[in-house]
Amino acid sequence: MNLINTFFNVGVLLDSLPQLLWGLVVTLQIGITSILCGLAAGLFLAVARLYVPAFGQVLIRIYVDIFRSIPLLVLLIIVYYALPFVGIRLSPFLSAVTALSLVSAAYTAEIFRAGIEAIPHGQFEASAALGLSNRHTMVDVILPQAIRIVIPPLTNNCINVLKDTALASVVAMPDLLKQATQAQALAANPTPLIGAAILYVMLLWPMVTIVAKLEKHFSRGKR
Amino acid sequence: MAALISIRGLKKAFGDYTVLHGIDLDIAEGEVVCVIGPSGSGKSTLIRCINRLEPFDPDSTITVDGIKVEQGVALAKVRAEVGMVFQSFNLFPHMTVLSNVMLAPMRVRGTMPAAAEQKARDLLARVGISEQAEKFPAQLSGGQQQRVAIARALAMEPKVLLFDEPTSALDPEMVGEVLDVMRTLAGSGVTMVVVTHEMGFARQVADRVIFMDGGRIVEEGPPAQIFDTPRQERTRGFLRAVLNH
């Protein structure tokens, strides 16, 4: 009984629920903005890598490798606490979105590169032989096929970004985790933390099952 | 008559391995040229150089209808005038048959969708697959897919059509339907360069047969001469090997 009162205290949960839901909204704002920015930048990097001169390809490669190696928490702290020393002062929201987008772009670029490379070379040749420009080859022929392949890993990446938004709490962003820790301190009871965990799971569980379904669907559709 | 395609000193190497040792070749408008020879003789590489799917030695020159085939803005223009049919079809699997045929005229020539569709339906009728227009490539047989690929190439109204072993990936019973379409095309005055192992087709349809071996043109001439009275021992050996089995 004591345990339930400690971890699943209904009164505390109901009191903290509005605060948690506000946190959830902030989490979603950070997550969705970062996902969209990362998606656009990642697609740009993946396509650019195909067409820019060798030097540019090396730069993109370095970017992708660095931002896949650096721990997100370290990057976030650098963006928020170190950049002000050179006069770049970003709000907690922008800091979180910047760090998340930089990393997400690197992963997304790799995902799109793998997807584009999975398209048979003959598709590029047929497009070239018809006189299609690089842009039309990408937009009409390659990307529509590649996107089918990359939807499961992209969804996976979205899940990771949404989970990593919790790190924004260290730069004083009132996201779901931050609100939960504050509510916990206020109520002197950890139930809000459990509530936050449940909200994270409720948000992400459907996406996790969707990825599993998509992976199954696309592997079956393969010829 | 001026040559539609003019190839001078065409050299091509993959690393240290030289595939083409300086090919000279002129192809006239309306001519049907079949290129035969053993695997690795460079015949596919030769026609893939004509639209520069393979880059070649900068000292070599190829012109198509007076335009030099080189990297740059003119290349798209050459490619729009040179249709190509591949061994592995290379249809766009995410588009219907009709869209496959309509895409390039709309994107490259700026044809309006309605006109492109009309054209595509006419061409599909011409290659005998109008009923399949709304299907996806994976739903068609190999022979039907290759006929779509021919229609797709024709949709650009190319000055020349290149065929890279168009029947080599087909089940034997589908070879005939594709060759029939090509025979009709040849009869209608389309300039064609065909890399093929179908000796019967080459003999019957070609104006000129080119025998290649080791990256060189060993012998060329009218089909009767190449098949009945070949002058080179290498040609005789090859024909003996492919015709007697």
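Scoring rules and cut-offs
Residues numbered from 1 in each chain as written. Chains lettered and ligands numbered in written order. Predicted model: local features only at pLDDT ≥ 70, side-chain atom pairs only at ≥ 80, totals over all residues. Heavy atoms only, no water. Axes fitted to C-alpha atoms, helices over the stretch in contact; angles between N-to-C directions. Helix = DSSP H or I, 4+ residues; strand = E, 2+ residues; numbered from the N terminus. Left-handed = near helix turned anticlockwise from the far one by under 90°. Contact = heavy atoms within 4.5 Å. Nonpolar A, V, L, I, M, F, W, Y, C, P; charged D, E, K, R; others polar. Pairing = 2+ DSSP bridges. Buried area = accessible area lost by both parts, 1.4 Å probe. Salt bridge = Lys/Arg side-chain N within 4 Å of Asp/Glu carboxyl O. Polar contact = N/O pair within 3.5 Å; in protein donor to acceptor, adjacent residues only side chain to side chain.

Participant: Looking at this structure, how should I read the packing of helix α5 (residues 92-117) of chain A against helix α7 (residues 134-164) of chain A?
Facilitator: To characterise two packed helices, one gives the angle between the axes of the helices and the distance between these axes. All names here are of chain A. It is at 8 Å that the axes of α5 and α7 come closest, and there the two elements cross at 140°. Like other packed secondary-structure pairs, α5 and α7 cross with a definite hand, here right-handed. In contact with Leu-100, Ser-104, Tyr-107, Thr-108, Ile-111, Phe-112, Gly-115 and Ile-116 of α5, α7 contributes Met-138, Ile-142, Leu-143, Ala-146, Ile-147, Ile-149, Val-150, Pro-153, Leu-154, Asn-157, Val-161 and Asp-164. A class-by-class count of the residues in the contact of α5 with α7 yields 15 nonpolar, 4 polar and 1 charged.

Participant: Teacher, can you tell me more about the sheet that holds strand β3 (residues 32-36) of chain B here?
Facilitator: Across a sheet, paired strands are connected by hydrogen bonds in the backbone, their directions being either parallel or antiparallel. All names here are of chain B. Taken in spatial order, the 6 strands line up as β6-β7-β8-β3-β9-β10 in an open sheet, and their pairing is mixed. Because the sheet does not close on itself, it has two edges, and the strands there are β6 (82-85) and β10 (216-221). Ignoring which end each strand starts from, the neighbouring axes of this sheet average 20° apart. Sitting on the sheet, helix α2 (residues 73-81) is in contact with β6 and β7 (160-164), with an inclination near 60° to β6.

Participant: Explain the interface of chain A and chain B to me, please; I cannot follow it from the model alone.
Facilitator: Between chain A and chain B, the contact holds 16 residues from the first and 22 residues from the second. Around 1600 Å² of area is buried between chain A and chain B when both sides are counted, 64% of it from carbon and sulfur atoms. Of all residues in chain A, the largest losses of buried area upon contact with chain B belong to Glu125(A), Ala129(A) and Leu130(A), amounting jointly to 35% of the total for that side. At the boundary of chain A with chain B, the tally comes to 2 salt bridges. As a salt-bridge pair, Arg107(B) and Asp140(A) come within 2.6 Å of each other at their nearest N and O atoms. Between the two partners, chain A and chain B, sit 6 residue pairs in polar contact (both at pLDDT 80 or more). When residues of the side of chain A that touches chain B are traced back to their parent elements, those giving at least two are α6 (121-129) and α7 of chain A. Examining the composition of the side of chain A that touches chain B, we find that 7 residues originate from one element, α6(A), more than from any other. Tallied by class, residues from the side of chain A that touches chain B come to 7 nonpolar, 6 polar and 3 charged.

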